[in-house]
Amino acid sequence: MIHNALIIKIEEEDIVTIKVDEIELTCFSSLGTDNILVNRKYPIELSFFFIEDEDIIPLDFGVKEVTRIDGYFKYELKGKLTTDGVFDFGILIEDDTLASYPYLFGTYIKMNVDRIDIAFL
């Protein structure tokens, strides 16, 4: 899914902090940030990166939350996995990983991601 992101901060060449719909995230850009400027908006796509197995569990209640776990990339995300397999934690992300969990479609889940990757379009 394509979003317009405000660039808050760029660290080194591949670490970028963005704001989308009032949610601030620090992401990894594998293609770097050449020609990307702070305080400007850019069309982007976000995806999840897991070092090992996905850590996805169902929740008994409806909540949308973003919690940073470590100093950089790790996040605990809570939100709804729609019937189309799109994760809505305040930002909509369609990720191939979620297709493996059709039994959770339409429910609220908690997911720990090792990194959120960003692609500038």
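Each remark here, short or long, concerns the structure printed above.
Residues numbered from 1 in each chain as written. Predicted model: local features only at pLDDT ≥ 70, side-chain atom pairs only at ≥ 80, totals over all residues. Heavy atoms only, no water.

**Section: a negative patch on the surface**
What counts is decided by this rule: Here the term patch refers to residues with relative accessible area over 30% and no salt bridge, with like charges joined within 9 Å and nonpolar side chains (Val, Leu, Ile, Met, Phe, Trp, Tyr) within 5 Å. Where accessible areas are quoted, they stem from the Shrake-Rupley method and a 1.4 Å probe; at the residue level, only the protein chains shown are allowed to cover. Salt-bridge detection follows one rule: a side-chain nitrogen of Lys or Arg within 4 Å of a carboxyl oxygen of Asp or Glu. For the purpose of charge, His is not counted, nor are the chain termini; Lys and Arg are scored as positive and Asp and Glu as negative. A single reference atom marks each charge: NZ on Lys, CZ on Arg, CG on Asp, CD on Glu. The helix and strand labels rest on DSSP assignments: H or I over at least four residues marks a helix, E over at least two residues marks a strand, and numbering proceeds from the N terminus. Throughout this description, buried means an accessible area under 20% of the type-specific maximum (1.4 Å probe, protein chains only), exposed means over 50%, and partly exposed covers the range between.
Taken together, the side chains of E45, D84, E94 and D96 make up a negatively charged region of the molecular surface. Locating D84 in the fold gives a position in the loop between β7 (75-81) and β8 (86-88). Note on D84: relative accessible area 61%, which makes it exposed.

**Describing the pattern of salt bridges**
Within this structure, the stated rule accounts for 7 salt bridges. A salt bridge links K78 to E65, with the shortest nitrogen-to-oxygen separation between them at 3.6 Å. Note that K78 is positioned in strand β7 and E65 in strand β6 (residues 65-68), a separation of 13 residues in sequence. The class for K78 is buried, based on a relative accessible area of 16%. According to the relative accessible area criterion, E65 is partly exposed, its value standing at 34%. Ionic pairing is found between D114 and K74, a salt bridge with its closest N-O pair at 3.8 Å. Here the residue D114 occupies a position in the loop between β10 (107-113) and β11 (115-120), and K74 occupies one in the loop between β6 and β7, the gap between them amounting to 40 residues. For K74, a relative accessible area of 32% corresponds to the partly exposed category. A network of salt bridges, in which partner residues are shared, links E65, E76, K78 and K110.

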